[in-house]
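# Residue-level structural notes
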Amino acid sequence: MRIISPSLLSADFTKLASHISEVERAGVSRLHLDVMDGHFVPNLTFGPFIIKQIKAITSLHLETHLMITEPKRYFDDYINAGSDTLIFHYEASNSIESDLKYIQSKDVKAGIAINPDTEIDGLIQYLEHLDYILIMSVFPGFGGQSFIENTLNKMKALSEICKGKSILIGVDGGVNLATIDKVYDHGADVTIVGSGLFKANDIQKRFNELMGE
Ligand code: DX5
Ligand code: ZN
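It should be emphasised that the depicted structure is a prediction, and the values quoted were computed from it without experimental measurement.

On to the sheet that holds strand β7 (residues 168-172). Strand order in this open sheet of eight strands is β1-β8-β7-β6-β5-β4-β3-β2, and the pairing throughout is parallel. Taken across any chain shown, the strands that pair with only one partner, and hence form the sheet edges, are β1 (3-6) and β2 (30-36). Taken pair by pair, the neighbouring strands of this sheet meet at an average axis angle of 25 degrees, ignoring direction. Where strand β5 (residues 109-114) lies against strand β6 (residues 132-136), four bridges are found, and the strand directions are parallel. If you follow isoleucine 114 over to β6, its bridge partner there is isoleucine 135. Packed on one face of the sheet, helix α5 (residues 152-161) meets β5, β6 and β7 and runs near 165 degrees to β6.

This brings us to the environment of arginine 2. Note on placement: arginine 2 falls in the segment before β1. Taking the C-alpha atoms as reference points, arginine 2 and methionine 211, separated by 209 residues in sequence, lie 6.1 Å from one another. The residues touching arginine 2, leaving out its near neighbours within four places in the chain, are Ile180, Asp181, Tyr184, Leu210, Met211 and Gly212. There is a polar contact of 2.7 Å between the side chain of arginine 2 and the backbone oxygen of leucine 210.

With respect to the element layout, threonine 151 can be found in the loop between β6 and α5. Polar side-chain contacts of threonine 151 include one of 2.6 Å to the backbone oxygen of isoleucine 148. When near neighbours in sequence (up to four residues on either side) are disregarded, threonine 151 contacts Pro116, Met136 and Ser137.

What follows is about the coordination of the zinc ion (ligand 2). The protein atoms donating to the zinc ion (ligand 2) are His32 (NE2), Asp34 (OD), His65 (ND1) and Asp172 (OD), with metal-donor distances spanning 2.0 to 2.3 Å. Geometry at the zinc ion (ligand 2) is octahedral, judged from its six donor atoms and the angles of 66 to 167 degrees they form at the metal. Judged by its relative accessible area of 0%, histidine 65 is buried. The buried category is assigned to aspartate 172, whose relative accessible area is 7%.

A word on the side chain of serine 95. On the secondary structure map, serine 95 appears in the loop between β4 (85-89) and α4 (96-105). A relative accessible area of 15% places serine 95 in the buried class. Looking at serine 95, its side chain comes within polar contact range of the side chain of lysine 72, at 2.9 Å.

Turning our attention to unusual backbone geometry. A positive phi angle, close to 45 degrees, is found at glutamate 70, a residue other than glycine. The topology assignment puts glutamate 70 in the loop between β3 (61-67) and α3 (75-80). Given the relative accessible area of 49%, glutamate 70 is considered partly exposed. Positive phi values are uncommon outside glycine, yet aspartate 107 reaches one of about 65 degrees. Of note, aspartate 107 is situated in the loop between α4 and β5. The exposure class assigned to aspartate 107 is exposed, which follows from its relative accessible area of 74%.

What counts and what doesn't
Residues numbered from 1 in each chain as written. Chains lettered and ligands numbered in written order. Predicted model: local features only at pLDDT ≥ 70, side-chain atom pairs only at ≥ 80, totals over all residues. Heavy atoms only, no water. Pairing = 2+ DSSP bridges. Helix = DSSP H or I, 4+ residues; strand = E, 2+ residues; numbered from the N terminus. Axes fitted to C-alpha atoms, helices over the stretch in contact; angles between N-to-C directions. Contact = heavy atoms within 4.5 Å. Polar contact = N/O pair within 3.5 Å; in protein donor to acceptor, adjacent residues only side chain to side chain. Donors = N, O, S within 2.8 Å, 3.2 Å for Na, K, Ca; no water. Tetrahedral: all angles 85-135°; square planar, octahedral: opposite > 155°, others 65-115°. Buried < 20%, exposed > 50% of the residue type's maximum accessible area, 1.4 Å probe, protein only.

Written out as structure tokens, the structure is:
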């Protein structure tokens, strides 16, 4: 069964509550929240204040994708705001193991995101502390970019390495009707879909198509 985590980055923020109930009705189990600081990535989005408000109106699992420098300075803020999974970037931390352990000590699932040009080798030593690996299939910063094909190899390799472990493999960026099948074929458990879902005229219908139904 496919798991799709809609990225709210492409939602209409003046209608956020109705977009969230629409994807809830469509049958999603989780939401993807893209936090950008204008430093780690050349764009700014929202912070814990908005996440707390989202938490108050939904019981969906909230996965927060931190695209920020020095992520550990802000872990408590994002945990207290209601994140159920907290993902930071491999490229942004110099204390990965203790960061993962800290997040898990707060009863929150811990994840690492890797950029398209980051090799997977460095991740292997952290597998026992990971609940989630987010493979970026675009360079983070903006929704609506094109899927980078050579990230498919990473999906295949990581899904084989993680076989039998309780680590979810997520894929983020450029996942849409044209690319979603190969992403799942290469071992993804979760796909993050932003523009490929929220820009559709009929979100429910698009969700079913993306699910392969
Ligand atoms: C990219 C973000 C993604 C992205 C997904 O920086 O992490 O979550 O917005 O959006 P689409 O599906 O439009 O590529
Ligand atoms: Zn993301």
